[in-house]
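# Understanding the architecture of this molecule
This is what each chain is made of:
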Amino acid sequence: MMLRDDQWQELEPLLIGKQSDPGASAKNNRLFIEAVLWIVSSNNLWRHLPSQFGKSSTVYMRFRRWNECDFWRQLALNNINDRALQQMLQLIVEYGDQYTRRIEQRQARKVQKAVYKSAIGGGSNISHIRQSLPPSDESTLHWVGLVS
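For every chain, the first residue of its written sequence is number 1, and the numbers climb from 1 along that sequence. Residues qualify for local features only when their pLDDT is at least 70, as the model is predicted, and side-chain atom pairs are given and counted only at 80 or more; totals for whole chains, interfaces and linings, by contrast, use all residues. With hydrogens and water set aside, each side-chain value is computed from the structure's full complement of heavy atoms.

Once that is clear, we can look at the pattern of salt bridges. Criterion for a salt bridge: a side-chain nitrogen of Lys or Arg within 4 Å of a carboxyl oxygen of Asp or Glu. Applying the stated criterion across every chain yields a total of seven salt bridges. The partner of arginine 30 in a salt bridge is glutamate 34, with the nearest N and O atoms 3.4 Å apart. Here glutamate 34 and arginine 30 lie together in helix 2 (residues 29–42), a separation of four residues that amounts to about one turn. For the exposure calls, accessible area comes from a 1.4 Å probe over protein chains only, and a residue counts as buried if that area is under 20% of its type's maximum, exposed if over 50%, partly exposed in between. Taking relative accessible area as the criterion, glutamate 34 reaches 8% and is therefore assigned buried. Where aspartate 70 meets arginine 73, a salt bridge forms, and the shortest distance between an N and an O atom there is 3.3 Å. Residue aspartate 70 is classed as partly exposed on the basis of its relative accessible area, which comes to 33%. For arginine 73, a relative accessible area of 30% translates into the label partly exposed. Through salt bridges that share partners, Arg4, Asp6 and Asp82 make up one connected network. The way it works is that DSSP assigns letters per residue, a run of H or I at least four long becomes a helix, a run of E at least two long becomes a strand, and they are numbered from the N terminus.

Right, here's the structure in full:
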C-alpha cells in the first residue's frame, strides 16, 4: 500500500513531526506512513521491512510511540474525505490494537511464570501467591494449587 499524492496532501497536515511543529521533526513522514502500511498490509515482521523505508528499528519505535499515545486512533477519527485512506488508517489502528494485546498477553505470561516459579521453588503457600495477583488471574491459576 502506497499513498497517492492526493491522499498525502490530505494526511500531511494532520501528522505530528512536521517542520512547523515544536521539538524534533521527522525526516520523512510520508516514508514512515508508507513503511507502517507495508508492515500492516504484508503482516510481516518489523525486521523484514525493506531498507528503502529506513532502519526498521527506527520505524518500529516511532510506530510504537504513536501507538502508545493513541495517535493512530486520533488520526483515523479525523474527517478524511478519501475512503481508501480512511480504510488504511483503520487497518493501522487495528494492527496497533493487536500489537497492544500481544504485549499485554506477554506481560501476563511473565507474571504467571514468576508465580509458578516462586510456588515450586520458594515453598510459598498458594494463598499468599493468589493474594499478590489481580483478581482477573484467579481463573488461570488453578494449576498452581496442583503443584504446591
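This brings us to unusual backbone geometry. A positive phi is found at asparagine 43, a non-glycine position, where the angle reads about 50°. If you trace the backbone, asparagine 43 turns up in the loop between helix 2 and helix 3 (56–68). With a phi angle near 65°, aspartate 70 is a residue other than glycine that sits in the positive phi range. Mapped onto the fold, aspartate 70 is located in the loop between helix 3 and helix 4 (71–76).

Everything listed here is a matter of coordinates, which is why it stays silent on function.
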